[in-house]
Amino acid sequence: DKGNHRHFMQKEIYEQPVVVAQTLQSYLRPLDGKVALPIPDSDLADIRRVTIVACGTSFYAGMVAQYWIERFARVPVEIDVASEYRYRDPVMEEGGLALFISQSGETADTLAALRHAKAGGQKVAVVVNVPTSSMAREADLLLPTHAGPEIGVASTKAFTCQLAVLAALAANLARAKGRLSEEEERRIVRHLAEAPAALNGALAYDEMIEKMAHMIAGARDVLYLGRGPDYPLALEGALKLKEISYIHAEGYAAGEMKHGPIALIDEAVPVIVLAPSGPLFEKTVSNMQEVQARGGRVVLISDYDGIAQAGDNCLATITMPKVHPLIAPLVYAIPVQLLAYHVAVVKGTDVDQPRNLAKSVTVE
Ligand code: F6R
């Protein structure tokens, strides 16, 4: 049932504040300022390496997690798409945690990779949205997302719920490794607990984004740029746009532009820049200015301060709530989802069932 919404995708975008809160509830104890995964710290303390494997949008959630796990837990992380991991003869050492992320829990490549890692002696953790799925059954550690059934083929609420679980996992691993003070843990829990309200704040810009969609809908190509944990959001924005609106889109690490893709820049290619306030803001803005200096038309997604500082020569700006950099990837998922959604509606494509795609990819 779509309720008041025109499409399942729109309904699922709007469910995010509630389902992310639901998901966080089972991994945080806000009153004690603690993260609480369903595994004793002693079972995590000897993990020496994390390997993250997934496909598509779930893979991008994994890319964000790589930043968090390395930063908080100081454990080396390798990450790969499942279809590559399975066949590249990966090195599996003792003390390895293999982490699989999947909405459906049935994606054939990811499931095959899970079995491969298990056979290689890795401890297997899964972040899945379907608790009865094959991956859930075969895991040593099951970390469910509580997004509820996702019907739209383009993943939205499953993604932000995956991020919520992965942030809690990173913090819990950090504590188990003795890398997190009580004060730091309390702070992380507080920032995560603020995410649902911030997601609501981000949804308030829906109408503005809908208007902006008309400017993007005529483009043949669109670029998305981000840095650090918001670089995977650029990839996710581009994936969402191409899969439901059929506009060619690419995501890049903002600093990579000058190594090639900047040659594509002209006034016909809108460039969406994701730049929340934080330690990487100035660098991202300087990459954005390189684009503008070559005639590129920029849509800047930032918070009030960021837009006040750098929004002047932009084609358009989208104002997000000002949030701690930790939760920015969750919050900035909303405008990229909404932009793709509205562009697809303008173009009249089948939003919930885009051509050539299936919700669950059960063949390799
Ligand atoms: C994109 C999308 C796909 C899936 C991918 C993995 O919107 O939905 O890229 O993310 O097929 O699916 P799961 O997460 O079920 O393994």
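Predicted model only: the values in this text are computed from it and were never measured.

(A) Quick peek at the pairing of strand β10 (residues 270-274). With five of its five residues buried, β10 lies for the most part within the structure. Direction of pairing for strand β8 (residues 221-226) relative to β10: parallel, over a ladder of three bridges. Opposite Y224, over in β10, you have I272 as the bridge partner. Pairing analysis gives five bridges linking β10 to strand β11 (residues 297-303), with the strands arranged parallel.

(B) Looking closely at the site of the ligand. The ligand sits among 14 residues. The nearest are S58, S102, Q103, T107 and E243. In this structure, E243 approaches the ligand through a side-chain N or O atom, which is 2.3 Å from an oxygen atom. Elements represented by at least two residues in the shell around the ligand include exactly α4 (56-73) and α12 (231-245). When the residues that make up the shell around the ligand are grouped by side-chain class, the tally is four nonpolar, eight polar and two charged.

(C) Looking closely at the side chain of D230. Tracing the backbone shows D230 in the loop between β8 and α12. This buried residue, D230, is left without a salt bridge; R71 holds the nearest opposite charge, at 9.6 Å. Filtering out sequence-adjacent residues up to four positions away, D230 remains in contact with L274, P276, A328 and P329.

(D) Highlighting the sheet that holds β8. Reading across the sheet, the five strands line up as β9-β8-β10-β11-β12 and stay open at both edges, with parallel pairing between neighbours. Since the sheet does not close on itself, it has two edges, and those belong to β9 (248-253) and β12 (316-320), each with one partner. Put simply, the sheet's adjacent strands are angled 20 degrees from each other on average, direction ignored. Against the sheet, helix α11 (residues 206-216) contacts β8, β10, β11 and β12, and its axis sits at roughly 150 degrees relative to β12.

(E) Examining the environment of A344 more closely. With respect to the helices, strands and loops of the structure, A344 is situated in helix α15 (residues 328-347). Assessed through its relative accessible area of 0%, A344 is described here as buried. Setting aside chain neighbours within four positions, we find A344 in contact with I244, S245, T349 and V351.

(F) Representation of the environment of P90. By secondary structure assignment, the location of P90 is in the loop between α5 (82-85) and β5 (96-102). Along the sequence, P90 and G120 sit 30 residues apart, while their C-alpha atoms lie 9.4 Å from each other. Look past the residues within four positions of P90 in its chain and what remains in contact with it is Y85 and H116.

(G) The arrangement of empty space enclosed by the protein in detail. Evaluated as defined, the whole model comprises one cavity of 30 Å³ or more. Approximately 30 Å³ is the volume found for the largest cavity. In terms of lining, the largest cavity is formed by R49, T51, E78, Y85, V91, M92 and Q122. Residue classes in the lining of the largest cavity are distributed as three nonpolar, two polar and two charged.

(H) Quick peek at the pairing of strand β6 (residues 123-128). Here β6 lies mainly inside the structure; five of its six residues are buried. Bridge count between β5 and β6: six bridges; the pairing is parallel. Across the sheet, S102 pairs through a bridge with V128, a residue of β6. As defined by bridge partners, β6 adjoins strand β7 (residues 141-144) across four bridges and the pair is classed as parallel. Note that in β7 the partner of A125 across the bridge is L141.

(I) Molecular detail of the packing of helix α2 (residues 16-25) against helix α10 (residues 195-203). The geometry of α2 relative to α10 is characterised by a closest axis approach of 8 Å and an angle of 170 degrees between their N-to-C directions. Looking at the two axes, α2 sits roughly antiparallel to α10. Listed contacts from α10 to Q16, P17, V20, A21 and L24 of α2 are P196, L199, N200 and L203.

(J) Quick look at the packing of aromatic side chains. This model, assessed by the stated rule, comprises one aromatic pair. Note that R355 overlies the ring of Y246, its terminal NZ or CZ placed 3.7 Å from the centroid.

(K) Main features of unusual backbone geometry. Positive phi, close to 60 degrees, is recorded for D89, a residue that is not glycine. Position of D89 relative to the elements: it lies in the loop between α5 and β5. Phi at N356 takes a positive value of approximately 70 degrees, unusual for a residue other than glycine. Overall, N356 belongs to the exposed group, its relative accessible area being 76%.

(L) Just the state of the cysteines, in detail. Here the structure, examined in full by the defined rule, presents zero disulfides. In this structure C55 is not part of a disulfide, and its nearest cysteine sulfur, from C161, lies 19 Å away.

The rules behind each value
Residues numbered from 1 in each chain as written. Predicted model: local features only at pLDDT ≥ 70, side-chain atom pairs only at ≥ 80, totals over all residues. Heavy atoms only, no water. Buried < 20%, exposed > 50% of the residue type's maximum accessible area, 1.4 Å probe, protein only. Helix = DSSP H or I, 4+ residues; strand = E, 2+ residues; numbered from the N terminus. Pairing = 2+ DSSP bridges. Near = heavy atom within 4 Å. Polar contact = N/O pair within 3.5 Å; in protein donor to acceptor, adjacent residues only side chain to side chain. Nonpolar A, V, L, I, M, F, W, Y, C, P; charged D, E, K, R; others polar. Lys, Arg positive; Asp, Glu negative; His and termini not counted. Salt bridge = Lys/Arg side-chain N within 4 Å of Asp/Glu carboxyl O. Contact = heavy atoms within 4.5 Å. Axes fitted to C-alpha atoms, helices over the stretch in contact; angles between N-to-C directions. 1 Å grid on protein atoms, 1.4 Å probe; cavity = no way out; pocket = protein on both sides within 12 Å on 5 of 7 lines; lining within 4 Å. Points joined across faces, edges and corners; volume = space filled by probe spheres on them. Parallel < 35°, antiparallel > 145°, perpendicular 65-115°, else oblique. Phe/Tyr/Trp six-rings, centres within 6.5 Å; stacked < 30°, edge-to-face > 60°. Lys NZ or Arg CZ within 6 Å of the ring centre and 35° of its normal. Disulfide = S-S within 2.5 Å.

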